[in-house]
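# Report on the structure
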Amino acid sequence: KAGVTQTPRYLIKTRGQQVTLSCSPISGHRSVSWYQQTPGQGLQFLFEYFSETQRNKGNFPGRFSGRQFSNSRSEMNVSTLELGDSALYLCASSLGSGAGPRGGYGYTFGSGTRLTVV
Amino acid sequence: GNSVTQMEGPVTLSEEAFLTINCTYTATGYPSLFWYVQYPGEGLQLLLKATKADDKGSNKGFEATYRKETTSFHLEKGSVQVSDSAVYFCARGGSARQLTFGSGTQLTVLP
């Protein structure tokens, strides 16, 4: 069974550019979440999609956006890149509301996209 | 808001030593609780989980018990191996369909 696939694995971008990251969830998983991991802030929630609808969004500026397609694949976009956007971006998929009160499905994470902004 | 407080690292142990990594969470609602592990250059792997009070999650010799009275979910392993060297994250779920993570604990096991 294929896991969560994130592409590309590594990216180097210049300040002011924009970037699009891709995530293919496990087959049958309809929930896709995105997290940013940095040494200073740790793991922070960006947003969660379920059946093409954004159901929850973290505390990030509007430069961070995402979408989900009908096949559950998801993309996130960061516009007007800043040096502080350098991070490991992790995508996670779940069968349903994996983090709900009794959900307990758990989330399966991809290997991440390492974004470096120079 | 929701938060998770995790034992500061790094932790260095000798092979076959006993491991405990402390984790406490805010008690809002009845969250699911998780431990994830991250190996160098990798994403997060779900190590174990518990969805209600007194549940014990276990996997690969690791265990953690959901303690509602102390709002804790401490990770334990009786005998660590060099291959257990990694960063361990405690996390809580919630009604907002997001995971809140602790700051992570770097574990190094020496042969």
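Up top you'll find the structure we're talking about.
Residues numbered from 1 in each chain as written. Chains lettered and ligands numbered in written order. Predicted model: local features only at pLDDT ≥ 70, side-chain atom pairs only at ≥ 80, totals over all residues. Heavy atoms only, no water.

## Digging into the overall build of chain A
Put simply, the test is: Labels follow the DSSP assignment, with helices taken as runs of H or I lasting at least four residues and strands as runs of E lasting at least two, numbered in each case from the N terminus. Relative accessibility under 20% of the residue-type maximum defines a buried residue, over 50% an exposed one, and the middle range a partly exposed one, all with a 1.4 Å probe and only protein chains included. Accessibility throughout is a Shrake-Rupley quantity obtained with a 1.4 Å probe, and a residue counts as covered only by protein chains that appear here.
Check the secondary structure of chain A and you find 0 helices and 11 strands. Along chain A, helices and strands appear, N-terminal first, in the series β-β-β-β-β-β-β-β-β-β-β. Reported as C-alpha extents along the three principal axes, the dimensions of chain A are approximately 40 × 25 × 25 Å. Counting only residues that meet the buried cut, chain A has 52% of its 118 residues in that class. Within the structure as shown, chain A displays about 5400 Å² of accessible surface, and the carbon and sulfur contribution to it stands at 48%.

## A look at the sheet that holds strand 8 (residues 62-65) of chain B
Residue and element names in this part refer to chain B. Going by this rule: By the convention used here, strands pair only if DSSP detects at least 2 bridges between them. Angular values range over 0 to 180 degrees, each being the angle between N-to-C directions of two axes fitted as lines to C-alpha atoms, with helices fitted over their stretch in contact.
Strand order in the open sheet formed by 4 strands is 3-9-8-7, and the pairing between neighbours is antiparallel. Each edge of the open sheet is held by one strand with a lone partner, namely strand 3 (19-21) and strand 7 (56-59). When the angles between neighbouring strand axes are averaged without regard to direction, this sheet yields 15°. Where strand 7 lies against strand 8, 4 bridges are found, and the strand directions are antiparallel. Paired with Gly57 across the two strands is Ala64, which belongs to strand 8.

## Let's talk about the pairing of strand 7 (residues 64-68) of chain A
Residue and element names in this part refer to chain A. Where strand 7 and strand 8 (residues 74-78) come together, 5 bridges link them in antiparallel fashion. Among the inter-strand pairings, Arg67 is bridged to a residue of strand 8, identified as Glu75. Counting the residues in the hairpin turn of strand 7 and strand 8 gives 5 residues, including Ser72, whose phi is positive at 75°.

## Describing the pattern of salt bridges
Note the threshold: Salt bridges are counted wherever a side-chain nitrogen of Lys or Arg sits within 4 Å of a carboxyl oxygen of Asp or Glu.
Scanning the entire structure with this criterion turns up 8 salt bridges over all chains. Measuring nitrogen to oxygen at the nearest pair gives 2.8 Å for the salt bridge that ties Asp85(A) to Arg63(A). Of this pair, Asp85(A) sits in the loop between strand 8 and strand 9 (87-94) while Arg63(A) sits in the loop between strand 6 (53-57) and strand 7; the two residues are 22 residues apart in sequence, bridging distant segments of the chain. Since its relative accessible area comes to 3%, Asp85(A) is described here as buried. Residue Arg63(A) is classed as buried on the basis of its relative accessible area of 15%. Here Lys77(B) makes a salt bridge to Asp84(B), at a shortest N to O gap of 2.7 Å. By relative accessible area, Lys77(B) is classed as buried at 9%.

## Considering the side chain of Ser72(A)
Applicable threshold: The contact rule is simple, with two residues in contact once any of their heavy atoms fall within 4.5 Å.
Along the chain, Ser72(A) falls in the loop between strand 7 and strand 8. Dropping the residues within four chain positions of it, Ser72(A) is found in contact with Pro25(A), His29(A), Arg30(A) and Val32(A).

## Describing the nonpolar core
Filter applied, for reference: Here, nonpolar core refers to any group of buried Ala, Val, Leu, Ile, Met, Phe, Trp, Tyr and Cys residues whose side-chain atoms link them within 4.5 Å.
Counting residues in each nonpolar core, the largest one holds 24 residues, and the members touching the most others are Trp35(B), Leu48(B), Phe73(B), Leu75(B) and Tyr88(B). Elements with a contribution of two residues or more to this core: strand 2 (11-14), strand 3, strand 4 (23-25), strand 5 (33-38), strand 6 (44-50), strand 8, strand 10 (86-92) and strand 12 (105-110) of chain B. Setting aside residues no more than four positions away along its own chain, Phe73(B) makes contact with Cys23(B), Leu33(B), Phe34(B), Trp35(B), Leu48(B), Lys49(B), Ala50(B), Ala64(B), Thr65(B), Tyr66(B) and Cys90(B). Membership of the second largest hydrophobic core comes to 21 residues, among which are Val32(A), Phe60(A), Cys91(A) and Leu115(A).

## Examining the state of the cysteines
All names here are of chain A. Just so we agree on the cut-off: By disulfide we mean two sulfur atoms from cysteines, separated by a distance within 2.5 Å.
The full count for this structure, using the stated rule, is 2 disulfides over all chains. Shown here is the disulfide that connects Cys23 with Cys91, its sulfur atoms set 1.8 Å apart. Linking Cys23 and Cys91, the disulfide has an S-S dihedral of approximately -55° and is accordingly described as left-handed. Placement of the pair is Cys23 in strand 3 (residues 19-24) and Cys91 in strand 9, with a sequence separation of 68 residues.

## What to know about the environment of Thr5(A)
All names here are of chain A. Relative to the assigned elements, Thr5 resides in strand 1 (residues 5-7). Sequence separation of Thr5 and Ile26 is 21 residues, and the distance between their C-alpha atoms is 8.1 Å. Apart from the residues lying within four places of it in its own chain, the contact partners of Thr5 are Ser22, Cys23 and Ser24.

## Considering the pairing of strand 8 of chain A
Residue and element names in this part refer to chain A. Taking burial as the measure, the 5 residues of strand 8 include 5 buried ones, the bulk of the element. With burial as the criterion, each face of strand 8 is covered, one bearing Ser74, Met76 and Val78 and the other bearing Glu75 and Asn77. As paired strands, strand 3 and strand 8 are joined by 5 bridges and run antiparallel to one another. Residue pairing across strands places Val19 opposite Val78, the latter belonging to strand 8.

Bear in mind that shape data such as this cannot, by itself, settle questions of function.
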